[in-house]
Amino acid sequence: MARFDPAQGGLQYAGLGLRLGHMVPQTRIAAMSCRSVFSVIGIDQCDRDILNAIHLCRELDAHLSVQIVSLVPTPMGGYGVVVSAAWLLEREADIAAMKKREKQIISLVQTAGLKADVDSYYCEKDWADEIIGQRARFSDLTIIGPDLLHQPALKTPALSGALFHSGRPTLVVPTGARATLHPHKVMLAWDGRIEAVRAAREAIDVMAAAVDVHVAIVDDDSDDVFDSPRANITAYLARHGIKVKVDRLRTCGRTVADLLRQHASEISAGMIVMGAYGHSRLRERLFGGVTRTMIETSPIPIFMMR
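Residues numbered from 1 in each chain as written. Predicted model: local features only at pLDDT ≥ 70, side-chain atom pairs only at ≥ 80, totals over all residues. Heavy atoms only, no water.

Caption draft 1: Representation of the pattern of salt bridges within the structure. For the structure shown, the criterion picks out 13 salt bridges. Asp191 is the partner of Arg193 in a salt bridge, and the nearest nitrogen-oxygen pair spans 3.6 Å. Looking at Asp191, the relative accessible area reads 38%, which means it is partly exposed. Between Arg292 and Glu296 there is a salt bridge; the shortest N-O distance is 3.4 Å. Separated by four residues within a single helix, Arg292 and Glu296 lie in helix H12 (residues 290–297), roughly one turn from each other. A single salt-bridge network, built from bridges that share partners, covers Asp117, Asp119 and Arg135. (Salt bridge = Lys/Arg side-chain N within 4 Å of Asp/Glu carboxyl O. Buried < 20%, exposed > 50% of the residue type's maximum accessible area, 1.4 Å probe, protein only. Helix = DSSP H or I, 4+ residues; strand = E, 2+ residues; numbered from the N terminus.)

Caption draft 2: Seen up close, helix H2 (residues 47–60). Given a rise of 1.5 Å per residue, 14 residues ought to cover 20 Å, and the 20 Å separating the end C-alpha atoms of H2 matches this to within 8%. Those residues of H2 that fall on the buried side of the exposure criterion are Asp49, Ile50, Asn52, Ala53, Ile54, Leu56, Cys57, Glu59 and Leu60. A positive phi of about 55° marks Asp61, the residue just after H2. (Expected span 1.5 Å × (residues − 1).)

Caption draft 3: Examining the nonpolar core more closely. The biggest cluster of nonpolar side chains holds 53 residues, and the ones touching the most others in it are Val37, Leu56, Leu64, Leu181, Leu188 and Met207. Element by element, the count of residues in this core is highest for H2, at six residues. Contacts of Leu56, omitting those with residues within four sequence positions, involve Val37, Leu141, Ile143, Leu171, Ala179, Thr180 and Leu181. (Core = buried A, V, L, I, M, F, W, Y, C linked by side-chain atoms within 4.5 Å. Contact = heavy atoms within 4.5 Å.)

Here it is, written out as structure tokens:
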């Protein structure tokens, strides 16, 4: 039987000698909800990415899953032609490099004392996003680092797999930024779309542990933004004990991505939480969009959910 005892700081369970209440520090909330981190890396120039993943897992006491991906080179003349000896040699060299990198990563995570698993996959580019996405489904978070972001061939399938095929959130960490789920200040980019709802829900613990949370609502000069369902996000967050500041941002001819990036800088945010690809995937590929621009230009980590 349980009773609440304010003097003891929580629920008292008679006969069991247990007390629950204010015993868990707020800064540990995010750590408890993320027990497994997935990192996808290439065979070259991935030191920053794996170090970011190791740092994050040590911070969270989480398991690290690493997938090393190497893309099969397209034969001269395309598929369906007789492959050359040079193409076969390139394949063999890529596979050897991938296996060498796998051994290096295993040694690195063992030295760091992490619980981890490391595997590698040699696949064609057209299949890479589904392979990465299927692997990411069994972790709480996918981390995409700066080295991968500077590898165009692997960047697109990695982001596509993480965002479209995993059903899990993705943390994009740009050059010079620190991978963490304990940012001091968070900016939630809010537009009321289902993608933003999912991102906010997945980042609840991150925002609850932050000191300040700003909800940034981009307005195109209309006056009814706070009378719309978009404003209900403040009540939702409040029910989770999160005190927010609502920032109404006027476009004034600027792009949404520029506005969000500038505002995050002005409030010294340590993380941006946002939904990914609110428009159709084809339209985003053809014309860019907020998601693509933010991934390419944000100086701070972005916690994203599709």
